[in-house]
Amino acid sequence: MGTSMQMAGAAGIGFGAFNAVQNYSDFTAQLSQIKALTDLDAQTMEQVKAKAMELGDATTFSSTEAAQGMTELLKAGVNVKDVLGDASEAALNLATAGGLGMGEAAEIMSTAMNAFHMDNATHAADILAGAANASATSVQEMPWQPVRPLQPAPASALTIRIRRWLYLRKTA
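In this report, the structure presented in the accompanying data block is examined. (Residues numbered from 1 in each chain as written. Predicted model: local features only at pLDDT ≥ 70, side-chain atom pairs only at ≥ 80, totals over all residues. Heavy atoms only, no water.)

## Quick word on the pattern of salt bridges
Summed over all chains, the structure comprises four salt bridges. Put simply, K75 and E72 hold a salt bridge, and the shortest N to O gap is 3.5 Å. Residue K75 and its partner E72 are located together in helix α3 (residues 63-75), separated by three residues, close to a single helical turn. We classify K75 as partly exposed; its relative accessible area is 48%. (Salt bridge = Lys/Arg side-chain N within 4 Å of Asp/Glu carboxyl O. Helix = DSSP H or I, 4+ residues; strand = E, 2+ residues; numbered from the N terminus. Buried < 20%, exposed > 50% of the residue type's maximum accessible area, 1.4 Å probe, protein only.)

## Quick word on the nonpolar core
If you look at the biggest cluster of nonpolar residues, it comprises 39 residues, and the most contacted ones within it are I34, L73, L94, M109 and M113. Those elements that place two or more of their residues in this core are α1 (2-38), α2 (42-58), α3, α4 (80-98), α5 (102-115) and α6 (121-133). Ranked by residue count, the leading element in this core is α4, at eight residues. Residue contacts for I34: discarding those within four places in its chain leaves D39, L40, M45, V48, A67, M70, T71 and L74. (Core = buried A, V, L, I, M, F, W, Y, C linked by side-chain atoms within 4.5 Å. Contact = heavy atoms within 4.5 Å.)

Put into structure tokens, the structure is as follows:
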């Protein structure tokens, strides 16, 4: 009996070590993606890494998830200063409020910021969460809403049809 308990303990330790290595590998891969997208210098990449780790330690999201959100913000054109500032925390708060993944929340928030020419990420996240809470829609449905009134009528009708088709494919 002692031997099987020792083997079970060793297997548990082995799995824990494997899991830690896998998590670190995922985190470094996400940081590599940020580097490839932005071509940031080593000092700024170190700041991005530290911010992602800080957010991972301070929230229910992992450092990898925080880095995924930061990637989405950077892809959408949010500048590095804002990502290292309030934008990442705002995306985390939106993710928590909307029951979303960090990457999805960052994408939704940055889409709204671009559509409405907003600079303040915290304000954008607050508006999205507030609108979802005050209506029969969810934060996940918010990307469908802002596009319609911002385009000319012919483009808007086409956009609505395309988005409806994509939505139906996604939920089928």
